[in-house]
Every structure is written in structure tokens, then in C-alpha cells.
Amino acid sequence: MREPSPLQALAFVWRGRWLVASCAILAASIGVFVAEQRGTIWRTKSVLYVERQSPMLPGGEVSHWLQSRNYANTQAALLRSTPVLQAGLAQPGIESSPMFGDSDNHLAWLRKRLSVAVGTEDDLITVTLESEAVEDACLVVNAVVDAYIERHSQSQHQTAGEVLIALRRELERYEAELRTVQQEQIAFLEQHPGVSLGDAKETQGASRLRELNLALTQAELAAMESSAQLRAAKSRAEATQPILRLPMPGIDDATMRQSLDVQAQIDELLQQRLRMLATMTPEHPEVQRLEGTIARQFELANAIAERITTAHIASLEQRQLGQRRLCDDLLVRIRDEEQRLRNIDPAIAEFRGLEIRFDRAHKLADALYERVRGIDINENLGNSEQPPRSSLVYEYATPAGAVVAASKTSLAAICGFVGVLLGLALAFGRSIVWPRVHSAADLPLDVPVLGALPKVRMAAGGMIATLGRRKNLEAALQSLRAVLHFGARAKRYRTLQIVGLQRGAGASATTAGLGIASAQAGQRTLIVDADFGQQTQCEYFGLDGSVGLRQVLAQQLPVATAIQATALPGLFVLPAGAIDGSVGVLDAAALPTLLQQLASQWDRVLVDSPALLQAVDARILAAVCDASLLVLRPGASTVGAVQAAQDAVAAVAGQVVGVVFRGASRSQLRSERLHSAQLLALPSPDVHSVLLADQRRVGEQA
């Protein structure tokens, strides 16, 4: 068994390098052509930030649902929703923009190309659009951003207004209480003019009373904040769109993703409905079926939003109830402490109580005033021309800030890379479907490799002159001749057919070179040119090819007359002969007799044969010759073709002695010669000595 090379699994990359290069060049050329026709694509972007600190909340702390990253993702989904995009397209000059081209559905065009992304480390939302018309793209991006801000601000305006009304009502109540306490203090001082308040030493009970009132102040502030949050949550729960009710505390990423996916499906279905209405009436069954699907998706989105909203409101109600209970408990403790102070000194206790009540009312009024002022809406709700904005645009889209998204170079590089991948896939598929023979490892195990020959250019003086200049070819041919002569059962192969699988494999050159190597080794060698279509042996040796094998088989002249001697002693050639119109000459009964006669007169008879898989004559020669030597070009023949050649020879009771590679690389030349020496056994010690002597003679000639 031949052991595979570690790199054999990746050999298809090198073997298919021209295919990969061709695919890469073709794909890059297509990319350049498309870029020329399309032009440069620009990427315009706008960056905005949606405030986490919502003005609808009176507290200074950021609520849990605003701290969640889901809030930014929800706003990004809202920005790409159909109502916002429709509002953006409704801006003046947008619908008539040539940027949309031949599209009759601008909303679908915009949804396909507009990208909205949330930053990985911040809450910045980036809106991008790629187009050739950079100025029009900037207008569209800015119009969509403005439409989102307008819609977002209106929602904040409405909810914050409800909270503001409640906070102002509380502020008025505490301001009234503050005035009442002031009047009670004045009345107390008028009734007790002799009481010395400045020198009075504050008792331990008064200190505890101050602490309890401070705790009550904080508890009442927290209770008012919970009440405001509850009102905001209930107001948000009444929004018509499910996505406007999100996010809420307690919602996990999976639920948020489900809600966003449902909203995306709704938007896609709405786009599909618009496309259908362009060619159908609203009463069409397909439109009615689609509207039913949209209604079911809306029900699913509403169910998700309702579940989250209900849980959130219930949580806020429990929180508010706990804070109210805390306030009630503190009020009971304050009344008890005031009663203990009255038992010690009723006048001082009454004044300290008024003083603490005034301080608490004053702090509550100040806190409410600051929080009311922090709500950024106008005093006249609903009468302001510009609603308050809780979104800040960091960067509007401008042509100067646009970047190149796809230039000619980048598109050519991308297409070239795709072409490389395609070429690799084709090369791998070819290696699997049509595996080719590149080395001995690719051949079936019963086909021995006898040698490898380099590919050389024929010199002007013919084959003999070529071997004189290319010593590496001469040495390879001598090695092949030694293996054929001294190998096991070599004496049976007096007539050897040298044949390629297809034309151009180099069988004629191999026959001529092997004939020269045999003659140089002292063997009387005859080359029979049976390839009537080519007749190359006369060209290799500079002989007259007017008469030859064709005329001999037609019994037009004796074989001895047709055989010609070459310039190399011991080497003779029987040309193919000129074409004279006779057909089927190889079917003559004289062919086996002729080859037997020639084998008895020469030490080696080499038959130059036409291609085995392309000419019937090659199979006839395989049947009458002692053996056949296959000539392959690395990478030119498939494994299936080699197997078919074996079957063709076996079908006529012939025998394949082995394979020789022609046009092999230097590494193949070294490896195949070593493989041949290891593969073929030598018959006896006497033959070993003859082989060593023969190799020394070859070395001297080289």
C-alpha cells in the first residue's frame, strides 16, 4: 500500500491554481464592470442619543427599565418602524428624490437599505443609508431621524404632562401647608410672649422628633415618586403601538427579542400589503388573508406587551403601597413623640412641633419645585409649537461626513476574493468528481510507475541532438531502459507498444528517446512507426517517410526495403509510410507474423502507437505486442481514463507493463525513479552485476 503524503489532502489547491486564478480574475473583472456601471456608493450616517433620564419621572434616580440596554434596542426598532419611515418619507422633497430610481414602493426601498445600529459600549444609535446620490441620502436620513424625534417627543410630552399636573397639585398642597404652619407659629408667639425660645435647651425627645420628621420627608418624596412612576406606566400602557409600551422592569432579553421580532414581522407584512395593494383591490382574497395574518401578529405583540405591562404596574403598586405604609408608621411614631414632649413642657413642645412641621413642609415644597422645573415642557401643555425633545442628535448626516461604502477597488477585491473561493470549490469538486493523475500516489495499486521523463523542446538536429544537449533527459531514458530490460519477466517484452491515452501525451517522443537509449546500451533496436496519422519518427531522425509499414502490410514491398538506418549505430526505423488510400491495413493477418519476424531479428522492437482511447489501431497493436507501456502527462489524464486504458488492453488479452510520466517536475523525476527502483524486483544476482555494469556505461556516455 502506498502511504499518502500529509499534503495530499491539500494538493488540489496547487493542482487547480490556474482554475482558481482564472475564477479570481474573472470575478474581479465582473466587479470592476459592475462598479463602472453603478458608480461609487456613499454611506451617510446620523448619530443620536436617547436620554435615559426620562423627564416624566420626578425622582433623581434612573429607573431600572431605563438603565436596561433593551431601551436603546427598542428605540432602534421603533426608528425603523413603518410609521416613523412613512413620516420621514412625507417630508417635502423626499418622495420625488431620484435616489429611489424606478422603485414604486419607496417605503420598501427604504426599509431594505436603511440600517439602524446601537453602539456596543454606549447608547448612541447610528442611522446609515448607502446610495450613489449622497446629498439625497443625507436628506432621507435626517428626515427619518427628525420624524423619530418628533414622535418620541410627543409621547414624552403627553406622559410628562400628566405627571406634571400631579406634581403641581402636590406642590400647591405643601405650599398651602407651609403658609398654614407660618400662621400658626405667629399666633403661638403672640399667645406666649414670654417664652424664651432662643435659650431653650433642646431635649432628647425633640432631637428624636426631628429625625422622625426627616425620615417622613424622605418617605413622602419616595411615595410621590412611586405615584408618578405608576401614572407614567399606566399612561404608557395605553399606547396604541405595542412597542411603545416597552421596555419594562423584569423583562429578559429573550422576551425583548421576541417582542422586537414580532414587531419586525409586522412591519414586513405591512410592506407586503402595500405591494399587493399596488396591483390588487382590498377585497382580493390574498389581501384579506394577509390582513388576517397581520391582525394575528398584532394580537401576539399586544399579548406580550400586556403581560409585561401588567407585571410592571403590579410591581409599582406594591412599591407604592409599601411606601405609604412606611409613611403611616412614621406619622404614628411622630404623634407619640409629640405627646411625650407635651407631657414635659407643653409650650416648648408645641413650638418645636410647629418648627419641625414648617421645616418638613419647606423641604417638600423645594423638592417638588425642583422636580417640576426639571420636567422640560412648556407651562401651557398642548399649546407649545415645538414639543420638548428628550433625544439629542450628536451628528446630522452631511455630504462632507459621508464615507465611501463601495468603490471600484473594494468591489473588485471583494469579487476577487469570492472568485478565489469559487475557484477553490471548483478545484475541490473536480478533484473529487474527476480525479486526475499527478503522481504515482494517484494511480491504481496494480499499475507500476517505471519512470518519469522531463518535457523538453525538440532541437533542430532531431532527437539525437536533443539528447546530446539535455543530459537529464538522457539519464532518465537510460533509467527507464534499464528497468524495462532487467525487470522481472523482461525477456518476454521483445515487442513493446508505447502508447498514450490521448494525443499529445508524448508517446512518439518517448519511443524515439527509449530507442536511442537502447541503442546506446548496445541493443539492436527497431522503432516501428504505427501512428499513421502523425508519422513523427521520420521527423525525429530526418528520414524519408514515403514508404514504410503501410506498404509492407499491403504487400507492396519487402520489410527489409522499408527499414531505414539512423545516424546512431544499432538504431533502425520502420516508417509509417505515405497515405495511399488503403484502409484497415492493421487488420491484415500479416501484422502478427511481421512483428514476430522483427522480434527475431532485433533485440528490442518499439512500436509507436496512436492514442489508446482515441484510435482502434492502438488496441489492435496492444493485442499483437508482448506488452504496452502507457505514457501519461501529469494532470492531463483522469484516474478513470487510466482504468479505462487498462480495461481496453485487457479486453484484447494484452498486458500493461507500467506507466511512464512525461513532462514531470524535478521532484517527480527524483521520486518516480526511486519508486521504480523499489517497485521492480530484479531476477537474480547475475542480473544485478549486469545492471551495475550497464549503469557505469551509461554514466560514461553521459
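Every chain is numbered independently, its residues counted from 1 as its sequence is written. Totals for whole chains, interfaces and linings use all residues, but because this is a predicted model, local features are given only for residues with pLDDT of at least 70 and pairs of side-chain atoms are given and counted only at 80 or more. As a rule here, side-chain values come from all non-hydrogen atoms in the structure, and water together with hydrogens is ignored.

Draft legend 1. Up close: the environment of Glu 135. Topologically, Glu 135 is positioned in helix H7 (residues 134-191). Buried means the residue's accessible area, taken with a 1.4 Å probe over protein chains only, is under 20% of the maximum for its type, while exposed means over 50%, and partly exposed covers the values in between. The exposure class of Glu 135 is exposed, given its relative accessible area of 56%. Counting along the chain gives 36 residues from Glu 135 to Met 99, while the straight-line C-alpha distance between them is 9.4 Å. Numbered from the N terminus, helices here are DSSP runs of H or I no shorter than four residues, and strands are runs of E no shorter than two.

Draft legend 2. Structural context of the environment of Gln 320. With respect to the helices and strands, the residue Gln 320 is situated in helix H10 (residues 285-344). With a relative accessible area of 18%, Gln 320 lands in the buried category. Along the sequence, Gln 320 and Ser 226 sit 94 residues apart, while their C-alpha atoms lie 5.5 Å from each other. Contacts: residue pairs with any heavy atoms within 4.5 Å of one another. If near-sequence neighbours (up to four positions away) are discounted, Gln 320 is found in contact with Ser 226, Ser 227 and Leu 230.

Draft legend 3. Inspection of the packing of helix H5 (residues 82-89) against helix H6 (residues 106-113) at higher detail. For the pair H5 and H6, the least separation of the axes is 10 Å and the interaxial angle reads 115°. With respect to H6, the element H5 is oriented roughly perpendicular. At the point where H5 passes H6, the crossing takes the right-handed sense. Across the interface between the two elements, Thr 82, Leu 85, Gln 86 and Leu 89 from H5 touch His 106, Leu 107, Leu 110 and Arg 111 from H6. Axis lines are fitted to C-alpha atoms, over the contacting stretch for helices. Their N-to-C directions set the angle, which ranges from 0 to 180 degrees. The labels follow the angle: roughly parallel below 35 degrees, roughly antiparallel above 145, roughly perpendicular from 65 to 115, and oblique for the rest. What makes a crossing left-handed is the near helix being turned counterclockwise from the far one by less than a right angle; a clockwise turn instead makes it right-handed.

Draft legend 4. Summary view of the nonpolar core. Counting 35 residues, the largest nonpolar core has Leu 484, Leu 496, Ile 498, Phe 541, Leu 629 and Val 657 as its most contacted members. Here the element with the most residues in this core is helix H15 (residues 507-520); it accounts for seven residues. Put simply, buried Ala, Val, Leu, Ile, Met, Phe, Trp, Tyr and Cys residues joined by side-chain atoms within 4.5 Å make one nonpolar core. Counting 34 residues, the second largest nonpolar core, distinct from the first, contains Ala 72, Leu 78, Val 116 and Val 144.

Draft legend 5. Focus on the packing of helix H19 (residues 590-601) against helix H20 (residues 616-624). Running from N to C, H19 and H20 point in directions that differ by 55°, and their axes come no closer than 10 Å. Classified by the angle between their axes, H19 and H20 sit oblique to one another. Seen from above, H19 lies across H20 with right-handed handedness. Along its contact with H19, which presents Leu 591, Pro 592 and Leu 595, the element H20 presents Ile 620, Leu 621 and Val 624.

Draft legend 6. Representation of helix H14 (residues 471-486). Expected helix span is given by 1.5 Å per residue-to-residue step, counting one fewer step than there are residues. Between the first and last C-alpha of H14 there are 22 Å, a value that for 16 residues agrees with the 22 Å anticipated at 1.5 Å per step. Inspection of H14 places Leu 473, Glu 474, Ala 476, Leu 477, Gln 478, Leu 480, Arg 481, Ala 482, Val 483, Leu 484 and Phe 486 among the buried residues, and these make up the whole buried set.

Draft legend 7. Fine view of the pattern of salt bridges. A carboxyl oxygen of Asp or Glu within 4 Å of a side-chain nitrogen of Lys or Arg is what we treat as a salt bridge. Using the criterion set out here, one finds three salt bridges in the structure. In this structure, Glu 130 engages Arg 43 in a salt bridge whose closest nitrogen and oxygen atoms are separated by 2.8 Å. Remark: Arg 43 occurs in strand E1 (residues 41-50) and Glu 130 occurs in strand E3 (residues 124-131); sequence separation between them is 87 residues. Exposure remark for Glu 130: the relative accessible area of 38% places this residue in the partly exposed category. Judged by relative accessible area, Arg 43 falls into the partly exposed class, the value being 30%.

Draft legend 8. Molecular detail of the sheet that holds strand E9 (residues 564-565). Should DSSP find at least two bridges between two strands, the strands are taken to pair. Read from one edge of the open sheet, eight strands run E6-E13-E12-E7-E11-E8-E10-E9, paired in mixed fashion. One side of each edge strand has no neighbouring strand; the edge strands of this open sheet are strand E6 (449-453) and E9. In this sheet, strand E10 (residues 571-574) lies alongside strand E8 (residues 525-529) in parallel orientation, the contact comprising four bridges. The residue bridging Thr 525 from the neighbouring strand is Leu 571, located in E10.

Draft legend 9. Spotlight on unusual backbone geometry. A positive phi angle is found at Gln 555, which is not glycine, with a value near 60°. For Gln 555, the position within the fold is in the loop between helix H17 (549-553) and helix H18 (559-562).

Draft legend 10. Region of the structure containing the confidence of the model for the protein chain. pLDDT expresses, on a scale from 0 to 100, how confident the predictor is about each individual residue. When pLDDT is averaged along the protein chain, the result is 75, and 75% of the positions lie at 70 or above. The model gives residues 1-7 a pLDDT under 50, and that stretch makes eight contacts with residues more than four places away or in other chains. Taken as a whole, residues 376-390 scores under 50 in pLDDT and shows 33 contacts with residues more than four places along the chain or in a different chain.

Draft legend 11. Up close: the side chain of Thr 309. Tracing the chain through its elements places Thr 309 in helix H10. Accessibility expressed as a relative area gives 4% for Thr 309, which makes it buried. Polar contact is defined as a pair of N or O atoms within 3.5 Å, subject to the rule that within protein one atom must be able to donate a hydrogen and the other to accept it, and that residues adjacent in sequence are counted only when both atoms are side-chain atoms. Here the side chain of Thr 309 touches Ala 305 through a polar contact of 2.6 Å, landing on its backbone oxygen.

Draft legend 12. Geometry of the environment of Glu 286. Considering the arrangement of structural elements, one finds Glu 286 in helix H10. Given the relative accessible area of 37%, Glu 286 is considered partly exposed. As for Glu 286 and Arg 273, which are separated by 13 residues in sequence, their C-alpha atoms are 9.4 Å apart. Residue contacts for Glu 286: discarding those within four places in its chain leaves Met 276 and Met 280. In terms of polar contacts, Glu 286 uses its side chain to reach the side chain of Arg 289, at 2.9 Å.

Draft legend 13. Quick peek at the packing of aromatic side chains. Working definition: rings of Phe, Tyr and Trp (its six-membered ring) pair if their centres are within 6.5 Å, and the pair is stacked with planes under 30 degrees apart, edge-to-face with planes over 60 apart, and tilted otherwise. For the structure shown, the criterion picks out two aromatic pairs. Between the aromatic rings of Phe 100 and Trp 109, the centroid separation amounts to 5.0 Å while the plane-to-plane angle is 70°, which identifies the pairing as edge-to-face. In this structure Trp 109 comes out as buried when scored by relative accessible area, which is 10%. For the pair Phe 572 and Trp 602, a centre-to-centre distance of 5.9 Å together with 70° between the ring planes defines the contact as edge-to-face. One end of the pair, Phe 572, is in strand E10; the other, Trp 602, is in the loop between H19 and strand E11 (604-608), with 30 residues separating them in the sequence. Given the relative accessible area of 7%, Trp 602 is considered buried. Directly above the ring of Phe 532 sits Arg 550, whose terminal nitrogen or CZ lies 4.3 Å from the centroid. A positively charged side chain is recorded as over a ring if its NZ (Lys) or CZ (Arg) lies within 6 Å of the ring centre. The angle to the ring normal must also be within 35 degrees.

Draft legend 14. Layout of a nonpolar patch on the surface. Here, patches come from residues exposed beyond 30% relative accessible area and free of salt bridges, joined within 9 Å for like charges and within 5 Å for nonpolar side chains (Val, Leu, Ile, Met, Phe, Trp, Tyr). Each accessible area is a Shrake-Rupley result for a 1.4 Å probe, and residues are judged covered by the shown protein chains and nothing else. A surface patch of nonpolar side chains, amounting to about 390 Å² of accessible area, comprises Leu 26, Ile 30, Phe 33 and Val 34. Secondary-structure assignment places Ile 30 in helix H2 (residues 17-38).

Draft legend 15. Region of interest: the pairing of strand E7 (residues 495-500). Summarising burial for E7: six of the six residues are buried, a large majority. Residues Thr 495, Gln 497 and Val 499 line one face of E7 and the alternating positions Leu 496, Ile 498 and Gly 500 line the opposite face, and both faces are buried. Two strands pair when backbone bridges link them, and E7 and E11 are joined in this way by four bridges, in the parallel orientation. Directly across from Leu 496, in E11, lies its bridge partner Leu 606.

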